[in-house]
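As a plain string of letters, each chain reads:
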Amino acid sequence: MCLKPAPVSSWAADLRQRRKQNCTESDKMAPEERNKENSKLGRSPKYMLIQRFAKLFFGCLAAVTSGMMYAVYLSTYHERKFWFSSRQELEREITFQGDSAIYYSFYKELLKAPSFERGVYELTHNNKTVSLKTINAVQQMTLYPELIASVLYQASGSEEVIEPVYFYIGIVFGLQGIYVTALFVTSWVMSGTWLAGMLTVAWFIINRTDTTRIDYSIPSRENWALPYFACQVAALTGYLKKNLSCSAEKFCYLLVSASTYTFMMMWEYSHYLLFVQAVSLFLLDSFALAQTEKVHEVYKIYLFSLFLGYLLQFENSALLVSPLLSLVAALMLSKYLQMNVKKGTVMSRLLKMMYIYLVLTVTLTLNLLLKMFVPHKENEHLLKFLEIKLGLNTTKLCNPALKVVIETNWMQLLLESFVTKCWNCGLQHKNFKICLLRNFTMNWLLCQESLQAPSQDFFLRLTQSSLLPFYILVLIICLFSVTQVVFRRICGEPLKETVKLEDGRIGERPEIVYHVIHTILLGSLAMCLEGMKYLWTPYVCMLAAFGVCSPELWMTLFKWLRLKAVHPILLALILSMAVPTIIGFSLWKEFFPRIMTELSELQEFYDPDTVELMTWIKRQAPVAAVFAGSPQLMGVIKLCTGWMVSSLPLYNDDDLLKRNENIYQIYSKRSAEDIYKILTSYKANFLIIEDSICNEVGPVRGCRVKDLLDIANGHVVCEEGDSYAYSKYGRFCHEIKMNYSPYVNYFTRVYWNRSYFVYRINTVISFQS
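The model shown is predicted, which means the values in this text are computed figures rather than measured ones.

A.B. asks: Teacher, can you tell me more about the sheet that holds strand E4 (residues 644–645) here?
C.D. replies: In a beta sheet, neighbouring strands are held together by backbone hydrogen bonds and run either parallel or antiparallel to one another. Spatially, five strands are ordered E4-E3-E5-E9-E8 in an open sheet, and the strand pairing comes out mixed. Single-partner strands in this sheet number two, and they are E4 and strand E8 (747–752). In the sheet, E8 pairs with strand E9 (residues 756–761) via five bridges, with the strands oriented antiparallel. Paired with Trp752 across the bridge in E9 is Phe757. Where helix H30 (residues 631–641) meets the sheet, its contacts fall on strand E3 (626–628), E4, strand E5 (686–690) and E9, and the angle it forms with E5 comes to roughly 125°.

A.B. asks: I'm lost on the packing of aromatic side chains in this one. Help?
C.D. replies: Ring pairs (aromatic) are described by centroid distance and by the angle formed between their planes. In total, this model carries 38 aromatic pairs according to the counting rule given. Relative to Phe204, the ring of Tyr179 lies with its centre 5.6 Å away and its plane at 70°, an arrangement referred to as edge-to-face. Of the two residues, Tyr179 is situated in helix H9 (residues 164–191) and Phe204 in helix H10 (residues 194–206); the sequence distance between them amounts to 25 residues. The exposure classification of Tyr179 matches that of Phe204, with both residues buried. Summarising the aromatic geometry, the rings of Trp616 and Tyr751 are spaced 5.4 Å apart at their centres and angled 20° between planes, so their arrangement reads as stacked. One end of the pair, Trp616, is in helix H29 (residues 608–620); the other, Tyr751, is in strand E8, and 135 residues separate them in sequence. As far as the burial class goes, Trp616 and Tyr751 line up, both buried. Taken together, the aromatic side chains of Phe229, Phe263, Trp267, Tyr269, Tyr272 and Tyr539 make up a single cluster linked through ring pairs. In this structure, Arg92 packs its charged tip against the face of Phe84, placed 5.8 Å from the ring centre. Arg208 extends its terminal NZ or CZ atom over the ring of Tyr77, reaching a point 4.9 Å from the ring centre.

A.B. asks: Explain the state of the cysteines to me, please; I cannot follow it from the model alone.
C.D. replies: In a disulfide, the sulfur atoms of two cysteines are held together by a covalent bond. A complete count under the given rule lists two disulfides for this structure. Between the sulfur atoms of Cys447 and its disulfide mate Cys703 the distance is 2.0 Å. Judged by the torsion about the S-S bond (-85°), the Cys447/Cys703 disulfide is left-handed. Of this pair, Cys447 sits in helix H22 (residues 440–447) while Cys703 sits in the loop between helix H33 (691–694) and helix H34 (705–712), and the two are 256 residues apart along the sequence. For Cys447, a relative accessible area of 16% puts it in the buried group. Exposure remark for Cys703: the relative accessible area of 18% places this residue in the buried category.

A.B. asks: Is there a simple way to explain the side chain of Ser158 in this structure?
C.D. replies: Among the secondary structure elements, Ser158 is positioned in the loop between helix H8 (144–155) and H9. A relative accessible area of 11% places Ser158 in the buried class. In contact with Ser158, other than residues within four places in its own chain, are Tyr153 and Phe167.

A.B. asks: Just checking my understanding: could you explain the pattern of salt bridges for this structure?
C.D. replies: Pairs can form between side chains of opposite charge whenever their charged atoms are close. Evaluation of the coordinates by the stated rule reveals 26 salt bridges. Across the pair Arg509 and Glu511 runs a salt bridge, and its minimum N-O distance is 2.8 Å.

Conventions adopted
- Residues numbered from 1 in each chain as written.
- Predicted model: local features only at pLDDT ≥ 70, side-chain atom pairs only at ≥ 80, totals over all residues.
- Heavy atoms only, no water.
- Pairing = 2+ DSSP bridges.
- Helix = DSSP H or I, 4+ residues; strand = E, 2+ residues; numbered from the N terminus.
- Contact = heavy atoms within 4.5 Å.
- Axes fitted to C-alpha atoms, helices over the stretch in contact; angles between N-to-C directions.
- Phe/Tyr/Trp six-rings, centres within 6.5 Å; stacked < 30°, edge-to-face > 60°.
- Buried < 20%, exposed > 50% of the residue type's maximum accessible area, 1.4 Å probe, protein only.
- Lys NZ or Arg CZ within 6 Å of the ring centre and 35° of its normal.
- Disulfide = S-S within 2.5 Å.
- Salt bridge = Lys/Arg side-chain N within 4 Å of Asp/Glu carboxyl O.

Below you can see the structure in the form of structure tokens.
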């Protein structure tokens, strides 16, 4: 029991003493310790060297094989789902939907360019994609993956061997294989057995619906970026380990540096994920559970990556105002103050006690100052969304007659009195804020499934695969062990340089503590936003697999239980082999037949109406024509035809968001003249009405596009428990199909099929009925 806390200076002294052990000393000590253990067991050093080499060889072989098999599995499943090999080029391209179509279209443009330099110039000065707008597509859409893919395709001479689309998706599937391999290695490094890696891969594939979005959006930025982040986490896990040899430490450091920078270049939101990781390292260092010098070396990697990213991403101001830069700068400043204050003084002890408060205060202050002086517009809509999601923003009631502005923070009771009325309007509880907002973009974001809290089905799927129960067990044991270690540190007890199995102190391993903190932070985000589960669930697989395969974790549990009937070390070793084996066999029996059935089934994805539309555009529409319609359809038109469009399915630019809202007015209750003015302001020549949006019957009333437009335009009135859409004009997408004045004066129908209606926007308006 801790009776008297040790002075803070003892923490620093212990930490300085641990820092003095350089990698050369550890290299000298490690062989001596191993030789002593081998002599006790009667084993020769040569025998142990062969055993270690065999373990490393078969582990690496299993990791690489797992990654390759997963990549082949994805390729086979994609072929069975879309019949890719038997499709024409146009039919293949239609499988890329939304933002995926835009990314792949720029990859095509790079390959068609006379030279790579010319292709890059046309992308950075692009005026052939969005009407009346010149954009730097490389910066705005983070097209570095497409640049790399096009260079590899041309430099490798693959033009005569493989088609561009197969090369492109092959790279993405290969990266997913690297992703799985990195998770395998991370679990292996933590547990000491590659059996944990095999279990990680099994859980990852079985829970593929919740671990990756590769099925729905192959070219998405996260599918390119997250494999590099997994490599960074694997290298960081090795780098944080104690008693690491000098060569291994240097290798891990270089891998962390390279993967961090690459990850930052591949995804525009990467610095937010690195911020979560930096917070984990900050907490790890604050409790003196890791070597401070190692942690600060990682901080320097962050700074270097941010600096290079800022320069190579065309002076991206989003990196300057990112919370990652503010946090790392605050940590560096705090370290500088601690190093330059005389040891043992009152000021020195005060700085140590207020270290966390100082870092947080400086981080917030610095971030506010940067946002004041650095012009930036990136991701403002996401910050506004988070404010609304957390109730930190002012909102308006859905009934325009009330004309009351309610601030949700200070008038919560008044808000609750109106919630019942909005609920009676037919809106589901989780989306009741839609009844309060008059902002189309914010309402649309609140309606996205990925931005809602995770459903019960998500937890049910994780439980059925036995992942969630074992994850909770491992997390509780590790968390309690870490808490014990922190308590001992407060009492002045130093950390052991080498934690042995019989000690039962898994919480003293810095790499374990880091992963516990990291998975808790990611899990907290995943509980708020379902889209974050794709970042959290893979590390749930890894941590759960590590725990059940780690003798140290079982030994830690047995230390608490104080087993006497059975030798705890022997039981821990048995359970670390038996439990994962039983889990593996049960997963094999239950899920392997499902996976084989999934691969053997021939699915069919065919959209003849969209194929007919694209064929008509390529044959009949003028080359200089500009098309207007839903952003998702515009992305497909840009990819399949190359024609200019008025909007894009991208949500990181305020101007594009405003365009999307204006173009969506074709599904609202506004006059033909208003719609005509909006479309001509963007120089649109053709308008495409989608029947699926115009006649949408969504599962959540109030989340359909036309409902959101009615709310934003003030056309919704709530009376006596019902909602009414009121306007003196009919819904435009319905009225235009009637072919009567004034609609025929502004628009002329030129093509239609079961799903699409195409209208030419008249340049000369005739008002004859």
